[in-house]
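# A look at the structure
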Amino acid sequence: MFPPSILTRLLLALFKLVASLVNVLLELLSLSGLMIERVLLLNIDPSEADRFSSRASVEQRNVPGRSQCSSMDPSLHLNSLGPAQLRPLIRQEDPRIRTTTGLADGYQQANVVILPDHLADDFEAFCHRNPAPLPLLYRSQSGETSCPPLARDTDIRTDISQYCVYEDGRLVKTVSSLQSYTQPRNAAAPPGPWSRMVCFYLGCSFGFEGRLKSAGVPVRNVEQGRNVSMFRTAVPCVPAAGFCCPLVVTMRPVPAAMLDAAVEVTHLNPLAHGAPVHIGDPALLGIQDLSRPDYGDAVRLQSGDVPVFWACGVTAVEAVISSKPPLAFSHSPGCMFLTDVPDPPPPGPAPPPSEGPAGSPSTEHNLDLIPLCFLVSHNPLRYSLASQRTVAKIRQLETIIGEDPGERGIEALFVQDELLRSSLALSHSSSVAITTGFPTHYLHSPPDETDGPPGAIAIATMLLSLGKQVTMVTDRRALQMNRDLIDEAVRTGVLKTAIPLVTFEDGGPDAALHFLCHDADPSRPRYDHLVAIERTGRAADGNYYNMRGINIKHLVDPIDDLFIAAKEIPGIITTGVSNWGGYALACALYLLHTCPAHQRYTHRGLQHTHPQEQLQAWSADLPSVHKEESFLATLVRFGIRSGKTGHLAMEVDGLTFDPTHSDIITRLLEVTHRSTAA
């Protein structure tokens, strides 16, 4: 048994030893945490960290004026703190703060780019031309270190946990403070470069993550304790002076059932990049591998998740690199500036303003303009967006063409939102092949009917007006007749220009593949859409029949083989519509191209404007009673008859042009023009 005095001394010595070991362990953990932080944020393999350090030194964190310990209670959970409490921790280099994702819920975060003042005006113009990736929150004065509109008691030189330093467009090092760029090295030296630098504060998608969680949308990067994934795309930004770079996007996996919620929440926060710019296959943005982000960390998709992409402020970093300024700074991706600006409140009832120019950030909320999300193709996976107002109008168009005044039983063919999905898919198209022709009158020459060609010409006219490539596919027996019809349509003003006309012949098992793809290569399709309008299809026995059950195979080329083959070719979508459906598709395409939410999405959130002359041209290329009556009269002059009655008269499928068809066209146009004027 030890005497009490010896036992006391032994216990005291043991306590001191344990305390020393704890201090050493804490120091090692702190240093390790800082190194891991730098490796993760810069997306550098840990095995390459030493090589990077020798190439670009990292400034030590013992910056004068910055405390080495936190005055905050270390047990306090970071997620419970607001931005005004977190900024001092960042200033004091709290090792728990590696990135700002998941922090300061309910408040906006900011990307920061700091440039020489002679480049400031050009960079501001670049921001305005690319509003989704670069929503400008504040531009400082030269040498200004604070940002009064965004936060109080701040110093941008110390209030970001990690900065990147660029020289001539190259990342040369990362630092924890920019104070050394402020003061001259000695009394005789000129002022530091900071006096000639301008800070740009740009919105950040971290600002909407809290709202996503509140809406029940999982934020996978936060769940996995990772920085968000960021990717360079193949989409070029709109250039301004010396600033020209690819769009950078963030990717967050979202369960398919929650896409509408994610779109709505982020649409309502345009200063944090707004709604997504792409939903679906990353290859459509030029991204080949989601497991290898260009910035940040890889984030795993869970079962049922869809990759959703938002424009990203790291686009500004790419712009700095491309412009090669002699000196520039930025936040390190994922290490944002925390502002005191709260997220926009959830929308309440508001008078509906007119839909303004697409792409410009606005904090005004109109529930009619909130986008809805729709799946338009599985291979490749693609979703599209359109405002609630536009969707409602297209549904009205679908209701009109679903009527059955001739009691032909067409209600059984009605599929909810088929028109909407077809028009969304066609809006994303670039090259469309259209076919029509049903030679039901096998005893007449020509045997064709009037049901189909008017709708085909209506779709072709609108697609051409929107800048799409259009090709008509026809039977060999009808090639010359259709050439003459197209020439007459151009002469009478129904068409503005002739449409290329081709035929397809069955030349063997790969004939369809050769027709649809360059060099029969499925990865190089000639067309991204095939549209059939009132086209006869092959029966199970391999023959083609008219509605009276008569075999008309001798009058039909196997164009339906193209539609069968297209189902196995990624990137080709097939659509079948009625004659009235052709009119409605033309109107729906017009609505989508005048819908700000849809146009912002198709242009990836980059600036685009439609001159008034272009809008007027689109309106002029809509179907009209005059044009459709003129084209139907041309069909009759060419000997083409009504399908149901066989009459050589101004009727389609037994329904006279006046009043039936003229009334349908008039009502479609009323819905179309009312929606854009509302």
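All values derive from a computational prediction rather than experimental measurement. (Residues numbered from 1 in each chain as written. Predicted model: local features only at pLDDT ≥ 70, side-chain atom pairs only at ≥ 80, totals over all residues. Heavy atoms only, no water.)

Right, let's talk about the overall build of the chain for a bit. When its secondary structure is counted, the chain shows 19 helices and 20 strands. Counting every position in the chain, which comprises 678 residues, the buried fraction comes to 54%. Looking at the chain alone, contacts between residues at least 24 apart form 74% of all its contacts between residues at least 6 apart. (Helix = DSSP H or I, 4+ residues; strand = E, 2+ residues; numbered from the N terminus. Buried < 20%, exposed > 50% of the residue type's maximum accessible area, 1.4 Å probe, protein only. Contact = heavy atoms within 4.5 Å.)

Moving on, we get to the sheet that holds strand S9 (residues 305–311). The sheet built from 4 strands is open, its strands ordered S6-S7-S9-S8 with antiparallel pairing. Each having just a single partner strand, strand S6 (229–236) and strand S8 (278–279) make up the two edges of the open sheet. Pairing analysis gives 2 bridges linking S8 to S9, with the strands arranged antiparallel. Counted as the bridge partner of His278 is Phe309 from S9. Along the sheet, helix H8 (residues 315–323) makes contact with S6 and strand S7 (246–255), crossing S7 at roughly 160 degrees. (Pairing = 2+ DSSP bridges. Axes fitted to C-alpha atoms, helices over the stretch in contact; angles between N-to-C directions.)

The next subject is the pattern of salt bridges. A full pass over the atoms with the stated rule returns 26 salt bridges. Between Asp305 and Arg220 there is a salt bridge, with the nearest N and O atoms lying 2.9 Å from each other. Taken together, the positions of Asp305 in strand S9 and Arg220 in helix H6 (residues 220–223) put the pair 85 residues apart, joining distant regions of the chain. A relative accessible area of 11% means that Asp305 is categorised as buried. (Salt bridge = Lys/Arg side-chain N within 4 Å of Asp/Glu carboxyl O.)

Our next topic: the nonpolar core. Counting 65 residues, the largest nonpolar core has Leu397, Ile434, Ile459, Val531 and Leu668 as the members making the most contacts within it. Here this core gets 11 residues from one element, more than from any other, and that element is helix H15 (residues 579–593). If sequence neighbours within four positions are ignored, Leu397 has contacts with Leu419, Ala584, Cys587, Ala588, Leu591, Leu668, Val671 and Thr672. (Core = buried A, V, L, I, M, F, W, Y, C linked by side-chain atoms within 4.5 Å.)

A separate point is helix H11 (residues 453–465). With 13 residues, H11 extends 18 Å from end C-alpha to end C-alpha; this agrees with the ideal 18 Å at 1.5 Å per step. The buried count for H11 comes to 12 of 13 residues, which makes it a mostly enclosed element. All of the buried residues in H11 are Pro453, Pro454, Gly455, Ala456, Ile457, Ala458, Ile459, Ala460, Thr461, Met462, Leu463 and Ser465. (Expected span 1.5 Å × (residues − 1).)

Reading across the sheet, the 5 strands line up as S16-S15-S14-S17-S18 and stay open at both edges, with parallel pairing between neighbours. A strand with exactly one partner marks an edge of an open sheet, and here the two such strands are strand S16 (501–503) and strand S18 (573–577). With strand direction ignored, the average angle separating the axes of adjacent strands in the sheet is 25 degrees. Bridge count for strand S14 (residues 431–437) against strand S15 (residues 469–474) is 5 bridges, and the pairing is parallel. Opposite Val432, over in S15, you have Val470 as the bridge partner. Packing against the sheet, helix H10 (residues 418–427) makes contact with S14, strand S17 (529–535) and S18, and its axis sits at approximately 135 degrees to S17.

Axis separation between H10 and H15 bottoms out at 9 Å; the angle between their running directions is 60 degrees. Here H15 runs oblique to H10, going by the angle between their axes. Two packed elements cross with a definite hand, and for H10 against H15 that hand is right-handed. Contact with H10, carried on its side by Leu419, Ser422, Ser423, Leu424, Leu426 and Ser427, involves Ala584, Leu585, Ala588, Leu589, Leu592 and His593 of H15 and no other residues of that element. Counted by class, the contact of H10 with H15 contains 8 nonpolar, 4 polar and no charged residues. (Parallel < 35°, antiparallel > 145°, perpendicular 65-115°, else oblique. Left-handed = near helix turned anticlockwise from the far one by under 90°. Nonpolar A, V, L, I, M, F, W, Y, C, P; charged D, E, K, R; others polar.)

Counting buried positions over the 10 residues of H10 gives 8, a clear majority of the element. Within H10 the residues assigned to the buried category are Leu419, Leu420, Ser422, Ser423, Leu424, Ala425, Leu426 and Ser427.

For the rest of this paragraph, the subject is the confidence of the model for the chain. Overall, the prediction assigns the chain a mean pLDDT of 86, with 82% of residues at 70 or greater. Of the regions scoring below 50 in pLDDT, residues 26–75 engages in 76 contacts with residues more than four places distant in sequence or in other chains. (pLDDT = per-residue confidence, 0-100.)

Once that is clear, we can look at the pairing of S14. For S14, the buried fraction is high: 7 of the 7 residues fall into the buried class. Alternating residues of S14 divide into Ser431, Ala433, Thr435 and Gly437 and Val432, Ile434 and Thr436, and every residue in both groups is buried. Following the chain from S14 across H11 to the adjacent parallel S15, one finds a crossover that is right-handed. Where S14 and S17 come together, 6 bridges link them in parallel fashion. The partner of Gly437 across the bridge, within S17, is Arg535. (Right-handed = clockwise from strand over helix to strand, strands pointing away.)

With that settled, consider the packing of aromatic side chains. Given two aromatic rings, their pairing is described by the distance between the two centres and the angle made by the two planes. Taken as a whole, this structure holds 11 aromatic pairs when the rule is applied. Relative to Phe200, the ring of Phe123 has its centre 4.8 Å away and its plane inclined at 70 degrees; by these criteria the two rings are edge-to-face. Of the two residues, Phe123 is situated in helix H4 (residues 120–129) and Phe200 in strand S5 (residues 197–203); the sequence distance between them amounts to 77 residues. Classification of Phe123 by relative accessible area gives buried; the value is 0%. Chaining the aromatic ring pairs together yields one cluster made of Phe123, Phe126, Phe200 and Phe243. When the ring centre of Trp310 is taken as reference, the NZ or CZ atom of Arg252 above it lies at 5.7 Å. (Phe/Tyr/Trp six-rings, centres within 6.5 Å; stacked < 30°, edge-to-face > 60°. Lys NZ or Arg CZ within 6 Å of the ring centre and 35° of its normal.)

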